[in-house]
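As a plain string of letters, each chain reads:
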Amino acid sequence: MSLPSKATIIEVGPRDGLQNEKNFVPTHVKIQFISLLKEAGLSEIELTSFVSPKWVPQMKDAQQVIQAFSLQQPTNNRHIVLVPNEQGLTKALEENCQSVALFIGVSNSFNQHNINKTTAEALHQQLPLMEKLKERNAYVRTCISTSFYCPYEGKINPDKTVELCAHFVEAGVTELSIADTIGMANPKDVFTLFSALKRAFPTVLLNAHFHDTRGVAMANIYACLQAGVTRFDSSAGGIGGCPFAKGATGNIATEDLIFMLDEMGVQTNVNREKILEAVSYIEPYLSHPVSSKQYRLYQLAKR
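Per an unreviewed UniProt entry, the protein goes by Hydroxymethylglutaryl-CoA lyase and derives from Priestia flexa. Taken from UniProt, the Sequence similarities (unreviewed entry) comment for the protein reads in full: "Belongs to the HMG-CoA lyase family."

This is the structure in structure tokens:
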């Protein structure tokens, strides 16, 4: 068994976790939730996204959330903001955001359903945004959706994912976040793709983003560790979900991931008990039960 000595967790609960919530979570609650996550030791957090309030009402307070943390960006912290297009990028730059996430799907069908563009058209839109960000020396993270499977096209050829990533690497991307968008990947798929990405782009940060739709996300993370990947997206409480995957249970829970890594001696520098406190704080504002196994045990212990 060969495992890295440490791993980095990128918390996506405040953005990816909350964006599909039916009821609007008050702005002050989001800010306190993020503050509790930071107190737990999470230094890289997806705070929000500058998307159209018409399509994602939950993110209509992005400016207020960003401004609440605009003075809290020491070198060991990264506040990530997702932008879908030129308008979103303009707003992010007006707020002096230094870490920005873009997104694109490998699958044509997924992009057409999601943003009404083919993959080639989406790429044509994204690369100029990257150029603007690199001119400002920003940290640019590109989220590659449907890297393994597409809800419309089925299994994705790994070569297609590597080929799409190459365009962003050539443009100077800082990090590639490789997403199992609908939770269909298995550890063999994961090891194969990430090994290929490591060979192709040895100097680019690689991050794994798994949805636990079929209960194999933790096994997939173990396969990532074996492939030498040490950066993982997760969501406190496992909140979130994919609107294109019926029955999707959301992102892998941060506290469940920390438990596994801690037990295997992979250092995260994140306090699991404080993550559970953050989950306890946000749970009353959620429209569905928290899926985290560690949180269930935490609740039982408190009775």
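Put simply, helix α7 (residues 158-170) and helix α8 (residues 187-200) touch, their axes get as near as 10 Å, and they point 35 degrees apart. Considering only the axes of α7 and α8, their crossing is right-handed. Facing Pro158, Thr161, Val162 and Cys165 of α7, the residues of α8 in contact are Leu193, Ala196, Leu197 and Ala200.

Bringing empty space enclosed by the protein into the picture now. Taken as a whole and assessed by the stated rule, the structure comprises two cavities of 30 Å³ or more. Surrounding the largest cavity, Ser147, Phe148, Lys155, Ile156, Pro158, Asp189 and Leu193 form its lining. A breakdown of the residues in the lining of the largest cavity according to their chemical character gives four nonpolar, one polar and two charged. Counted as a void, the second largest cavity has a volume near 30 Å³. Lining the second largest cavity we find Pro14, Leu18, Lys30, Leu47, Thr48, Met59 and Val65. A breakdown of the residues in the lining of the second largest cavity according to their chemical character gives five nonpolar, one polar and one charged.

Between helix α11 (residues 272-282) and helix α12 (residues 293-302), whose axes approach to 10 Å, the crossing angle comes to 85 degrees. Relative to α12, α11 is oriented roughly perpendicular. Contact residues: Arg272, Glu273, Leu276, Glu277, Val279 and Ser280 in α11; Gln294, Tyr295, Tyr298 and Lys302 in α12. A per-class count over the contact of α11 with α12 returns four nonpolar, two polar and four charged.

Turning to the pattern of salt bridges, a few remarks are in order. This structure, assessed with the given rule, holds 10 salt bridges. With its nearest N and O atoms 2.9 Å apart, the salt bridge here joins glutamate 46 to arginine 15. Placement of the pair is glutamate 46 in strand β2 (residues 44-49) and arginine 15 in helix α1 (residues 13-17), with a sequence separation of 31 residues. An identical accessibility class is assigned to glutamate 46 and arginine 15; each is buried. With a closest N to O distance of 3.4 Å, arginine 141 and glutamate 175 form a salt bridge. Placement of the pair is arginine 141 in strand β5 (residues 139-145) and glutamate 175 in strand β8 (residues 175-180), with a sequence separation of 34 residues. With respect to class, arginine 141 is no different from glutamate 175; both count as buried. Among the charged side chains, a salt-bridge network with shared partners connects Glu44, Arg78, Arg141, Glu175, Arg231 and Asp233.

Bringing the side chain of serine 99 into the picture now. Summarising the element assignment, serine 99 is placed in strand β4 (residues 99-105). Take serine 99: its relative accessible area is 5%, and that puts it in the buried class. Among all residues touching serine 99, those that are not within four sequence positions of it are Arg78, His79, Ile80, Val81 and Tyr139.

This part is about the pairing of strand β3 (residues 78-82). When you tally the buried positions in β3, you get four out of five residues, the bulk of the element. By the bridge criterion, five bridges tie β2 to β3 in an arrangement that is parallel. Bridge pairing in β3 places isoleucine 45 opposite histidine 79. The pairing of β3 with β4 spans three bridges and is classified as parallel. The residue bridging leucine 82 from the neighbouring strand is alanine 101, located in β4. Handedness of the β-α-β unit built from β3, helix α4 (residues 86-94) and β4 comes out right-handed.

In this structure, asparagine 116 takes a positive phi of about 60 degrees despite not being glycine. Summarising the element assignment, asparagine 116 is placed in the loop between α5 (108-115) and α6 (119-135). Notably, asparagine 137 is not glycine yet its phi reads approximately 60 degrees, a positive angle. One can find asparagine 137 in the loop between α6 and β5.

Calculation rules
- Residues numbered from 1 in each chain as written.
- Predicted model: local features only at pLDDT ≥ 70, side-chain atom pairs only at ≥ 80, totals over all residues.
- Heavy atoms only, no water.
- UniProt positions renumbered as here; feature names shortened; annotations may be inferred.
- Axes fitted to C-alpha atoms, helices over the stretch in contact; angles between N-to-C directions.
- Helix = DSSP H or I, 4+ residues; strand = E, 2+ residues; numbered from the N terminus.
- Left-handed = near helix turned anticlockwise from the far one by under 90°.
- Contact = heavy atoms within 4.5 Å.
- 1 Å grid on protein atoms, 1.4 Å probe; cavity = no way out; pocket = protein on both sides within 12 Å on 5 of 7 lines; lining within 4 Å.
- Points joined across faces, edges and corners; volume = space filled by probe spheres on them.
- Nonpolar A, V, L, I, M, F, W, Y, C, P; charged D, E, K, R; others polar.
- Parallel < 35°, antiparallel > 145°, perpendicular 65-115°, else oblique.
- Salt bridge = Lys/Arg side-chain N within 4 Å of Asp/Glu carboxyl O.
- Buried < 20%, exposed > 50% of the residue type's maximum accessible area, 1.4 Å probe, protein only.
- Pairing = 2+ DSSP bridges.
- Right-handed = clockwise from strand over helix to strand, strands pointing away.

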